[in-house]
Number of protein chains: 2
Amino acid sequence: MKLLKEEILSKGIVLSDGVLKVDSFLNHQINPILSLEMGKEFVKRFHSEDPNTKVLTIESSGIAPAFTTALELGVELVFARKKKSLTMNDNVYTADVYSFTKQETNTITVSKDFITESDRVLIIDDFLANGQAALGLAQIVEQAGGTVSGIGIVIEKSFQPGRQVLLDAGYKVESLARIESLKNNEVRFVDETVLV
Amino acid sequence: MKLLKEEILSKGIVLSDGVLKVDSFLNHQINPILSLEMGKEFVKRFHSEDPNTKVLTIESSGIAPAFTTALELGVELVFARKKKSLTMNDNVYTADVYSFTKQETNTITVSKDFITESDRVLIIDDFLANGQAALGLAQIVEQAGGTVSGIGIVIEKSFQPGRQVLLDAGYKVESLARIESLKNNEVRFVDETVLV
């Protein structure tokens, strides 16, 4: 997605060979217009004859692109909680998500009320690195007996194994920007020449 | 806001005299159409000659209504973090927010990059109870030298002191639904007769 790649090149900050900071438009400050375009692009890429009935993401940075995708699809979105909220009861699906960066396991939670076996669920997240968060979301959809129609990612770190992990598990993956390398303080996209 | 009140009456669940669960359209599952309408309503209520330059909220349930407000205003939104993210450095504003419900203090964080002294900031949050989260957000705007143009709340628990706390601090407050009481398992709105 051209607009996103341009934003990454102009506003992203390479913190190390593995870390791209995009706080200025995705993870902390959000550009609503760019988010709207992301939603439209996800809907285009996951168009199928069987319509998606729900969008699922995880708090907090996934919410904006998942919201615009749900808006474009005309369906509701659900965000998994990293911590059970006070009003949640035990009627929930959970999945354990290991974070390689933080070296800790978090249990993500979704109420059983909001994903059912008749749902075709499009999973949206902001980053794909090792694929553990997306896998956890997919497990929750499958616990509910629903179908994962695909996994849409805003920024994929293609030098990490997440994409392959998700493909091996049988999911369709679409990433709006695929980063091949962050070496030498340069963002290099997959199938692209060096742009900065 | 009529549409919101109807949604509260049809889908909200009174858990106790003090707790209304609105997980099905605001805090866990999100109705994008209703959120869009909330954004439009906030923009209408906070219309002024000095345009708002930014919307500020706090993760996670504030993000959707803040997003639609920012979209309608044509400005960016910033969500305060409850926990510092890995890519955040020390260039941040912080405020301590005490939660009466959880009886704990959390430090909320906003990067100094995203709120400046030229900003007129509209603060949006999902719930108003004791007003501590909104006050913390307002403190952050003021640390940055910016101006708080107003505080917009989706659901105000008018039987708790938050609204008065914010008014006493000099802020303009607009709530899309004001709940006078949750007693006897009934949602009673301010200035309304019993509707359920």
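Since we're looking at a predicted model, the values are computed, not measured.

Some details on the relation of the copies chain A and chain B
- Taken as rigid bodies, chain A and chain B are interconverted by a rotation of 180 degrees and an axial shift of 0.0 Å, the fit giving an RMSD of 0.0 Å. Between the two chains, the operation in question is that of a two-fold axis. The position closest to the rotation axis in chain A is occupied by the C-alpha of Ser 60 of chain A, lying 2.8 Å away.
- By residue overlap, the copies meet face to face through one surface: 100% of the interface positions of chain A are interface positions in chain B.

Things to note about the sheet that holds strand S4 (residues 54–58) of chain B
- Within the open sheet, the seven strands sit side by side as S3(A)-S5(B)-S4(B)-S8(B)-S9(B)-S10(B)-S11(B). Their pairing is mixed. Each edge of the sheet is formed by a strand with only one pairing partner; in this case those strands are strand S3 (29–30) of chain A together with strand S11 (188–189) of chain B.
- Here six bridges tie strand S9 (residues 147–157) of chain B to strand S10 (residues 173–181) of chain B, and the two strands are oriented parallel to one another. Looking across to S10 of chain B, one finds that Lys 157 of chain B is bridged to Ile 179 of chain B.
- Relative to the sheet, helix H3 (residues 32–45) of chain B contacts strand S8 (120–128), S9 and S10 of chain B, its axis offset from that of S10 of chain B by approximately 110 degrees.

Topic: the nonpolar core
- Leu 4 of chain A together with Leu 4 of chain B are the most contacted members of the largest nonpolar core, which totals 68 residues.
- If we ignore the near neighbours within four places in the chain, the residues touching Leu 4 of chain B are Phe 25, Leu 34, Met 38, Val 154, Leu 176 and Ala 177 of chain B.

Notes on the interface of chain A and chain B
- Listed as interface residues are 41 residues of chain A and, on the opposing side, 41 residues of chain B.
- Buried area between chain A and chain B, both sides added, is near 3500 Å², and the carbon and sulfur share of it is 63%.
- Per-residue buried area on chain A facing chain B is highest for His 28, Gln 29 and Phe 67 of chain A; these three make up 21% of the total on that side.
- On the surface where chain A and chain B come into contact, there are zero salt bridges.

Some thoughts on the UniProt feature "binding site: xanthine" (unreviewed entry) in chain A
- In the UniProt entry, the feature "binding site: xanthine" (unreviewed entry) is given for Leu 20, Asn 27 and Lys 157 of chain A.
- Positionally, Leu 20 of chain A belongs in strand S2 (residues 20–21).
- Residue contacts for Leu 20 of chain A: discarding those within four places in its chain leaves Ile 8, Gly 12, Ile 13, Val 14, Phe 127, Ile 155, Ile 179, Leu 182 and Val 187 of chain A.
- Within the secondary structure, Asn 27 of chain A is located in helix H2 (residues 23–27).
- Excluding residues that lie within four positions of it along the chain, Asn 27 of chain A makes contacts with Val 22, Ser 61, Asp 126 and Phe 127 of chain A together with Phe 79 and Arg 81 of chain B.

Observations regarding a positive patch on the surface
- Taken together, the side chains of Lys 82, Lys 83 and Lys 102 of chain A together with Lys 82, Lys 83 and Lys 102 of chain B present a region of like positive charge at the surface.
- Note on placement: Lys 82 of chain B falls in the loop between strand S5 (76–80) and strand S6 (92–99).

Some remarks on the packing of H3 of chain B against helix H4 (residues 63–73) of chain B
All names here are of chain B.
- Between H3 and H4, the shortest axis-to-axis distance is 7 Å and the interhelical angle comes to 55 degrees. When the axes of H3 and H4 are compared, the pair comes out oblique. Like other packed secondary-structure pairs, H3 and H4 cross with a definite hand, here right-handed. On H4, the residues that touch Ser 35, Leu 36, Met 38, Gly 39, Lys 40, Phe 42 and Val 43 of H3 are Ala 64, Pro 65, Thr 68, Thr 69, Leu 71, Glu 72 and Leu 73.
- A class-by-class count of the residues in the contact of H3 with H4 yields eight nonpolar, four polar and two charged.

What counts, and where the lines are drawn
- Residues numbered from 1 in each chain as written.
- Chains lettered and ligands numbered in written order.
- Predicted model: local features only at pLDDT ≥ 70, side-chain atom pairs only at ≥ 80, totals over all residues.
- Heavy atoms only, no water.
- Least-squares fit on C-alpha atoms with pLDDT ≥ 70 in both.
- Contact = heavy atoms within 4.5 Å.
- Pairing = 2+ DSSP bridges.
- Helix = DSSP H or I, 4+ residues; strand = E, 2+ residues; numbered from the N terminus.
- Axes fitted to C-alpha atoms, helices over the stretch in contact; angles between N-to-C directions.
- Core = buried A, V, L, I, M, F, W, Y, C linked by side-chain atoms within 4.5 Å.
- Buried < 20%, exposed > 50% of the residue type's maximum accessible area, 1.4 Å probe, protein only.
- Buried area = accessible area lost by both parts, 1.4 Å probe.
- Salt bridge = Lys/Arg side-chain N within 4 Å of Asp/Glu carboxyl O.
- UniProt positions renumbered as here; feature names shortened; annotations may be inferred.
- Patch = residues over 30% accessible without salt bridge, like charges linked within 9 Å, V, L, I, M, F, W, Y side chains within 5 Å.
- Areas by Shrake-Rupley, 256 points an atom, 1.4 Å probe, with all protein chains shown as cover.
- Lys, Arg positive; Asp, Glu negative; His and termini not counted.
- Charge placed at Lys NZ, Arg CZ, Asp CG, Glu CD.
- Parallel < 35°, antiparallel > 145°, perpendicular 65-115°, else oblique.
- Left-handed = near helix turned anticlockwise from the far one by under 90°.
- Nonpolar A, V, L, I, M, F, W, Y, C, P; charged D, E, K, R; others polar.

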